[in-house]
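Listed here are the chains, written in short residue letters.
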Amino acid sequence: MPNDTINNAIKKASTSNENYEEIVYEGYGPNGVAVIVEASTDNKNRTAADVRHVFDKAGGNLGTSGCVSYMFNKKGIIVIEKASTDIDEDELMMLALDAGAEDFQTEGEIYEITTEPSDFTEVVSKLEESGLTFLEAGVQMIPTTTVTLDEKGQEKMERLIDRLEELDDVSEIYHNWEE
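Nothing here was measured: the structure is a model prediction, and the numbers come from that model.

Participant: Before we go on, may I ask you to explain helix 2 (residues 44-57) in this structure?
Facilitator: For the α-helix, the turn length of 3.6 residues means that residues three or four positions removed from each other point alike. Compared with an ideal rise of 1.5 Å per residue, which puts 14 residues at 20 Å, helix 2 spans 20 Å between its outermost C-alpha atoms and is within 8% of the ideal. Taken residue by residue, helix 2 has Thr47, Ala48, Val51, Val54 and Phe55 as its buried positions. On an axial view of helix 2, the arc spanned by its buried residues comes to 130°, and they lie on one face. In helix 2, those exposed residues whose orientation departs by more than 90 degrees from the buried face are Asn45 and Lys57.

Structure, rendered in structure tokens:
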């Protein structure tokens, strides 16, 4: 390949003015499952068409802004594996609550700490200062109600989620399907 072609490609890429914007799509999957799709795109029209197509193929439909978001609460979620810490459960709970956590739960082999989104960074910092490592930590949309699906509905919902995950612009998918 000629050097001029390579240099022109590098120059074009370095001066590119592509602006990515965050977009949230809301809709209903099979059997009325509420779905929120977060995307980052440089072409809103393409992404909207792709997401709408996936919803249509899976037996759902894309809705308007706000049609399902009221069924979710934004919360900070911190997951700590029990085996990764020497701190006992009561001490860890007090540490998390003193740092500003809203809730502390034990589920199987993990501890799950819930925070308000505004307190998330502070709680994470204080827990990290105590030497804790996280299995997962992030702000998520948590459903207030859930939907149970039959076997056929589960297959359709899995197909919808898989197809949405295949889209390059999609960054997060939240739903109220009780898996």
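Participant: Is there a simple way to think about the nonpolar core in this case?
Facilitator: Generally speaking, soluble globular proteins have nonpolar side chains that are buried together. By size, the foremost hydrophobic cluster in this structure holds 22 residues, and its most contacted members are Tyr25, Val35, Phe55, Met157, Leu160 and Leu164. Contributions of two or more residues to this core are made by strand 1 (21-28), strand 2 (34-41), helix 2, helix 5 (151-166) and strand 8 (170-175). Apart from residues no more than four positions distant in its own chain, Phe55 is found in contact with Gly27, Tyr28, Gly29, Val35, Val37, Gly60, Asn61, Leu62, Leu160 and Leu164.

Participant: Just checking my understanding: could you explain the sheet that holds strand 4 (residues 72-81) for this structure?
Facilitator: Across a sheet, strands are paired by hydrogen bonds formed along the backbone, either parallel or antiparallel in direction. Pairing is antiparallel in the open sheet, where 4 strands are placed in the order 5-6-4-7. Two strands close off the open sheet at either side, each with one partner strand: strand 5 (103-107) and strand 7 (136-143). Neighbour-to-neighbour, the strand axes of this sheet turn through a mean angle of 30°, independent of strand direction. Relative to strand 6 (residues 110-115), strand 4 is paired through 6 bridges, and the arrangement is antiparallel. Note on strand 6: the bridge partner recorded for Ile78 is Ile113. Of the strands in this sheet, strand 4, strand 5 and strand 6 are in contact with helix 3 (residues 89-99), which crosses strand 5 at around 150°. Contacting strand 4, strand 6 and strand 7, helix 4 (residues 120-129) runs over the sheet at an angle of about 5° to strand 4.

Participant: Is there a simple way to explain a negative patch on the surface in this structure?
Facilitator: A contiguous patch of negative charge, built from Asp150, Glu151, Glu155, Glu158, Asp162, Glu165, Glu166 and Glu179, is present on the exposed surface. Mapped onto the secondary structure, Glu151 falls in helix 5. Given the relative accessible area of 61%, Glu151 is considered exposed.

Participant: So what exactly am I meant to see when it comes to helix 4 here?
Facilitator: Residues Phe120, Val123, Val124 and Leu127 constitute the buried set of helix 4. The buried residues of helix 4 occupy an angular sector of 100° when the element is viewed end-on, so they sit on one face. Exposed side of helix 4, more than 90 degrees from the buried face: Thr121 and Glu129 are the residues found there. Packing partners of the buried residues in helix 4 comprise strand 4, helix 3, strand 6 and strand 7. Following helix 4 by one or two positions, Gly131 has its phi on the positive side, about 85°.

Conventions and cut-offs
- Residues numbered from 1 in each chain as written.
- Predicted model: local features only at pLDDT ≥ 70, side-chain atom pairs only at ≥ 80, totals over all residues.
- Heavy atoms only, no water.
- Helix = DSSP H or I, 4+ residues; strand = E, 2+ residues; numbered from the N terminus.
- Expected span 1.5 Å × (residues − 1).
- Buried < 20%, exposed > 50% of the residue type's maximum accessible area, 1.4 Å probe, protein only.
- Arc of directions from axis to C-beta.
- Core = buried A, V, L, I, M, F, W, Y, C linked by side-chain atoms within 4.5 Å.
- Contact = heavy atoms within 4.5 Å.
- Pairing = 2+ DSSP bridges.
- Axes fitted to C-alpha atoms, helices over the stretch in contact; angles between N-to-C directions.
- Patch = residues over 30% accessible without salt bridge, like charges linked within 9 Å, V, L, I, M, F, W, Y side chains within 5 Å.
- Areas by Shrake-Rupley, 256 points an atom, 1.4 Å probe, with all protein chains shown as cover.
- Salt bridge = Lys/Arg side-chain N within 4 Å of Asp/Glu carboxyl O.
- Lys, Arg positive; Asp, Glu negative; His and termini not counted.
- Charge placed at Lys NZ, Arg CZ, Asp CG, Glu CD.

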